[in-house]
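Letter by letter, the chains look like this.
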Amino acid sequence: MTMSSETLTVKHSTGKYPILVEPKSLDALGEQFERRSLKSPVGIVTNRRVNDLYGDRIREGLRGAGFVTRTVLMPDGERYKNLATVEQLINALLKQKMERNGTILALGGGVTGDVTGFVASILFRGVRWVQVPTTLLAQVDASVGGKTGVNHEFGKNIIGAFHQPELVVIDPEVNLTLETRDRLSGYAEMLKMAFILDPSFLDVLIKYRDKIIDGDDVNMLSRAISRSVALKAQIVTEDERESNRRRVLNFGHTFAHALEKVTEYKRYRHGEAVLLGMYAAGWLSNQVSGLSNDNWEIMRSILRDVPFDQQVDDLDAAKVVAAMEGDKKTRHDRINYVLLKRFGDVTITDAVSPTAAQLAVQAMKVAFSNSGNTDDESTSDANVSATGKL
Ligand SMILES: NC(=O)c1ccc[n+]([C@@H]2O[C@H](COP(=O)([O-])OP(=O)(O)OC[C@H]3O[C@@H](n4cnc5c(N)ncnc54)[C@H](O)[C@@H]3O)[C@@H](O)[C@H]2O)c1
């Protein structure tokens, strides 16, 4: 079997960095570090689960090339993506004699990447860092673009910095040890890229949905990851600091962040919340930004065909919308919605009433309710739109 391998490049204001997508690249980190003239000590930040799975391979590869490594562990879970963890990590790294000229390596999912990148951005006013994303979501999205940060009780990701990595190494094989819902979560972010940027990618994602979510075809996974990374890389190259173009990547995220917040970051994986958020944003797009009925029908069936099985019934639409008020994408007291005009064409608007947003959440609940059946759901969805005053 031939293994597919690809190197993509992200350009930014002060340089560029490679993103290597290659099976077994986890074992070749030493060579990659040498190529980029990265220095010891290498402060590896990870959590226990990922360390048990991949820590030794990473350390062996680096030590084999003469690098000195130090490993610090952070707790597992979105609820630990906060300033307290940042402080704990900085303390642990300093105790382990981390140096300004050394390298910080984030080994883990998007939570580890976001927190570690933020630590790298503030420790010694900036340490060089490398990302080795180990979830599908982190590989296709979180590890690309240099956005780092943590959550605050006032909202998700509202404390952070742009800090570009020196290198991103993606080994598609690590997805095999993920829970199925984590591959589903990454799949949802790939769908987002396709809806907003590349409708032809949708065909691939529909065709190979089960293979991606089951994770048993590494070559196919590699190709889907590369394609998704290429799409994101292009956007972040155009707009490094999210002044404009990059905001399209927030499609579905205003709702998603609120859903994560009202469920205290415990119920949904980020990508699961994005799946639900895209449904709400798609529904709104059909109501207010001209997404055709045909496109919306396709979109809603793609989203509903994803084998998502977490609870939505008890969500309070008013509370979800209230939580959106605190999100950092709110400017001048109005929420900015990223909506579709058609597949591949996005608009950003604040002309959406809280009532309309609540109806969108309601429609999403009906669509993903575990108790309903298909006929009832479409009737209720139609009722929601008929009664909705936008
Ligand atoms: N910076 C960005 O541009 C950006 C973009 C998208 C998402 N994000 C952030 O990413 C986060 C979500 O990331 P996530 O979905 O990776 O969640 P996560 O980091 O919590 O990982 C999910 C679970 O998978 C485990 N895990 C990681 N790799 C594994 C492996 N190979 N095998 C088995 N288990 C493994 C983790 O320990 C965790 O329990 C959110 O905080 C989100 O805000 C950031």
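Residues numbered from 1 in each chain as written. Predicted model: local features only at pLDDT ≥ 70, side-chain atom pairs only at ≥ 80, totals over all residues. Heavy atoms only, no water.

Colleague: How should the domain arrangement of the chain be read in this particular structure?
Modeller: Many structure descriptions define interface size as the accessible area lost when the parts assemble. The assigned domain composition of the chain is domain 1 (6-177) and domain 2 (190-387). Taken together, the 35 residues of domain 1 in the interface contact 32 residues of domain 2. Summed over both sides, the interface of domain 1 with domain 2 buries roughly 2,800 Å², with 63% coming from carbon and sulfur. On the domain 1 side of the contact with domain 2, Val140, Lys156 and Phe162 bury the most area, a combined 22% of that side's loss. Counting the contacts that link domain 1 with domain 2 gives 3 salt bridges. Lys232 serves as the salt-bridge partner of Asp141, at 2.6 Å between the closest nitrogen and oxygen. Inspection of the region where domain 1 meets domain 2 yields 8 residue pairs in polar contact (both at pLDDT 80 or more). Broken down by element, the side of domain 1 that touches domain 2 gets its largest block of residues, 6 residues, from strand β1 (residues 6-12). Along the lines of polarity and charge, the residues of the side of domain 1 that touches domain 2 split into 15 nonpolar, 11 polar and 9 charged. (Domains from an automatic or database assignment. Contact = heavy atoms within 4.5 Å. Buried area = accessible area lost by both parts, 1.4 Å probe. Salt bridge = Lys/Arg side-chain N within 4 Å of Asp/Glu carboxyl O. Polar contact = N/O pair within 3.5 Å; in protein donor to acceptor, adjacent residues only side chain to side chain. Helix = DSSP H or I, 4+ residues; strand = E, 2+ residues; numbered from the N terminus. Nonpolar A, V, L, I, M, F, W, Y, C, P; charged D, E, K, R; others polar.)

Colleague: Got a minute to help me understand the pattern of salt bridges in this structure?
Modeller: It is possible for side chains of opposite charge to pair when their charged atoms get near one another. By the definition in use, this model includes 27 salt bridges. Put simply, Arg128 and Glu166 hold a salt bridge, and the shortest N to O gap is 3.4 Å. Residue Arg128 is found in strand β6 (residues 128-133), and its partner Glu166 is found in the loop between β8 (155-162) and β9 (167-170); the two are separated by 38 residues along the sequence. A relative accessible area of 31% places Arg128 in the partly exposed class. What makes Glu166 buried here is its relative accessible area of 18%. Taken together, the shared-partner salt bridges connect Arg49, Asp76, Glu179, Asp182 and Arg269 into one network. (Buried < 20%, exposed > 50% of the residue type's maximum accessible area, 1.4 Å probe, protein only.)

Colleague: I keep staring at helix α2 (residues 48-64) and nothing clicks. Help me out?
Modeller: Helical geometry: 3.6 residues make up each α-helical turn, so side chains three or four residues apart lie on a common side. With 17 residues, α2 ought to run about 24 Å at 1.5 Å a step, and its terminal C-alpha atoms sit 23 Å apart, in line with that. Every buried residue of α2 is listed here: Val50, Asn51, Tyr54, Gly55, Ile58, Arg59, Gly61 and Leu62. For α2, the secondary structure elements touched by its buried residues are α1 (29-35), β3 (42-46), β4 (69-73), β5 (103-108) and β6. N-cap assignment for α2: the residue whose side-chain oxygen lies 3.2 Å from the backbone N of Arg49 is Asn47. One or two steps after α2, the chain reaches Gly66, where phi turns positive at roughly 90°. (Expected span 1.5 Å × (residues − 1).)

Colleague: Explain the nonpolar core here, please?
Modeller: Note that soluble globular proteins tend to have their nonpolar side chains buried in a common cluster. Counting 83 residues, the largest nonpolar core has Ile19, Leu191, Phe195, Phe255, Met299, Met364 and Phe368 as the members making the most contacts within it. Take this core: its biggest share by element is 10 residues, from helix α11 (residues 270-288). The two domains that each donate at least three residues to this core are domain 1 (6-177) and domain 2 (190-387). Setting aside its immediate chain neighbours within four residues, Met299 contacts Phe195, Phe251, Met278, Gly282, Leu291, Leu340 and Phe343. Judged by nonpolar contacts, the second largest core, of 19 residues, contains Val45, Leu93, Val111 and Val119. (Core = buried A, V, L, I, M, F, W, Y, C linked by side-chain atoms within 4.5 Å.)

Colleague: So what exactly am I meant to see when it comes to the packing of aromatic side chains here?
Modeller: Any two aromatic rings considered together are summarised by their centre-to-centre distance and by the angle between their planes. Counted by the stated rule, this structure contains 7 aromatic pairs. Geometrically, the ring pair formed by Tyr279 and Phe368 is edge-to-face, given 5.5 Å between the ring centres and 80° between the ring planes. You can see Tyr279 sitting in helix α11 and its partner Phe368 sitting in helix α14 (residues 354-368), a full 89 residues away along the chain. The same class applies to Tyr279 as to Phe368, namely buried. Each ring, one from Phe308 and one from Phe368, has its centre 5.6 Å from the other, and the planes form 80°; the classification is edge-to-face. Residue Phe308 is found in the loop between α12 (293-305) and α13 (317-325), and its partner Phe368 is found in helix α14; the two are separated by 60 residues along the sequence. For Phe368, a relative accessible area of 7% corresponds to the buried category. By the ring-pair criterion, three or more aromatic residues cluster together here, those being Tyr268, Tyr279, Trp296, Phe308 and Phe368. (Phe/Tyr/Trp six-rings, centres within 6.5 Å; stacked < 30°, edge-to-face > 60°.)

Colleague: What am I meant to see in the sheet that holds β6 here?
Modeller: Within a sheet, each strand pairs with its neighbour through backbone hydrogen bonds, oriented either parallel or antiparallel. Read across the open sheet, the 7 strands follow the order β1-β2-β9-β6-β5-β3-β4; overall the sheet is mixed. The open sheet terminates on both sides in strands that have one partner only, identified here as β1 and β4. Each neighbouring strand pair of the sheet contributes to a mean axis angle of 20°, computed without reference to strand direction. As defined by bridge partners, β5 adjoins β6 across 6 bridges and the pair is classed as parallel. In the strand pairing of β6, Thr103 is matched with Arg128. The strands touched by α2 within the sheet are β3, β4, β5 and β6, with β4 carrying the most contacts at an inclination of about 170°. Strand contacts of helix α9 (residues 218-238): β1, β2 (15-21) and β9, with the helix running at about 15° to β1, the strand carrying the most contacts. (Pairing = 2+ DSSP bridges. Axes fitted to C-alpha atoms, helices over the stretch in contact; angles between N-to-C directions.)

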